[in-house]
Amino acid sequence: MAAVSRADRADDAALLAGLALDDPAVSAAFVRRFQSAVFGMAVSITRDAALAQDVSQEVFVRVWRAAGSYDLRRASVLTWLLTITRNAAIDAVRARRAEPTDDLVLDRLLHETLSSAPDLEESAVHRLETEQAIRRLHRIAPEQARAVVLAVVGGCTAAEVSRREQIPLGTAKTRIRTGLRRLREEMAVDRG
């Protein structure tokens, strides 16, 4: 049985604060605690395990550099970390693709994500998290759900969502922002 260090028992915010102080034991504990969530988010966006590994490494470097600027009042450590992961993964996907995603691919993505329950052959935990996310998407306005799926899962910019949905850019930004806020509220309800 592996020994558990004090760093492994620290809460998330304390670990992040220790990361800002450049403590090797804390850094290792931080990576151990969040590596699965970061890699899972990265691979779900990139659909490429090798690229997801690169993204994950980049995320932990970004977090290490920005650890001192984290504000507990704005988001949990996990939410903050997954936001960085999402942005890094989307950047990596965009850098790899020479042209925007094909509309047929986006149509299939929307259909698979917003239709009935998923048919995944993945771990039970990932399947449960995916099903919960899809249920939450179904509880918000359909136009917000579509915008969130296109932006978060499809990696589309607000301008791409605007073009794809044939709505003004400001409307696309509002739908994405409001949809994400509503999803956070739905998550709070599910936890509470």
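For the structure given in this document, a descriptive report is provided here. What you see is a predicted model, and the numbers here were worked out from it, not measured in a lab.

Some details on the nonpolar core
- If you look at the biggest cluster of nonpolar residues, it comprises 26 residues, and the most contacted ones within it are Leu-16, Phe-30, Phe-34, Val-55, Val-59, Val-63 and Leu-81.
- Broken down by element, this core gets its largest block of residues, eight residues, from helix α5 (residues 77–96).
- Filtering out sequence-adjacent residues up to four positions away, Leu-81 remains in contact with Phe-30, Phe-34, Val-38, Val-59 and Val-63.

Observations regarding helix α10 (residues 169–191)
- The end-to-end C-alpha distance of α10, which contains 23 residues, comes to 33 Å, matching closely the 33 Å that a straight helix rising 1.5 Å per residue would cover.
- Those residues of α10 lying buried are Ala-172, Ile-176, Thr-178, Gly-179, Leu-183 and Glu-186.

Some remarks on the environment of Phe-30
- Its location among the elements puts Phe-30 in helix α3 (residues 24–46).
- Note on Phe-30: relative accessible area 1%, which makes it buried.
- On a C-alpha basis, the gap between Phe-30 and Gly-18 in space is 9.0 Å, while along the polypeptide they are twelve residues apart.
- Excluding its chain neighbours within four sequence positions, the residues that come into contact with Phe-30 are Leu-15, Leu-16, Leu-19, Phe-60, Val-63, Val-77 and Leu-81.

Thresholds, definitions, all that
- Residues numbered from 1 in each chain as written.
- Predicted model: local features only at pLDDT ≥ 70, side-chain atom pairs only at ≥ 80, totals over all residues.
- Heavy atoms only, no water.
- Core = buried A, V, L, I, M, F, W, Y, C linked by side-chain atoms within 4.5 Å.
- Buried < 20%, exposed > 50% of the residue type's maximum accessible area, 1.4 Å probe, protein only.
- Helix = DSSP H or I, 4+ residues; strand = E, 2+ residues; numbered from the N terminus.
- Contact = heavy atoms within 4.5 Å.
- Expected span 1.5 Å × (residues − 1).

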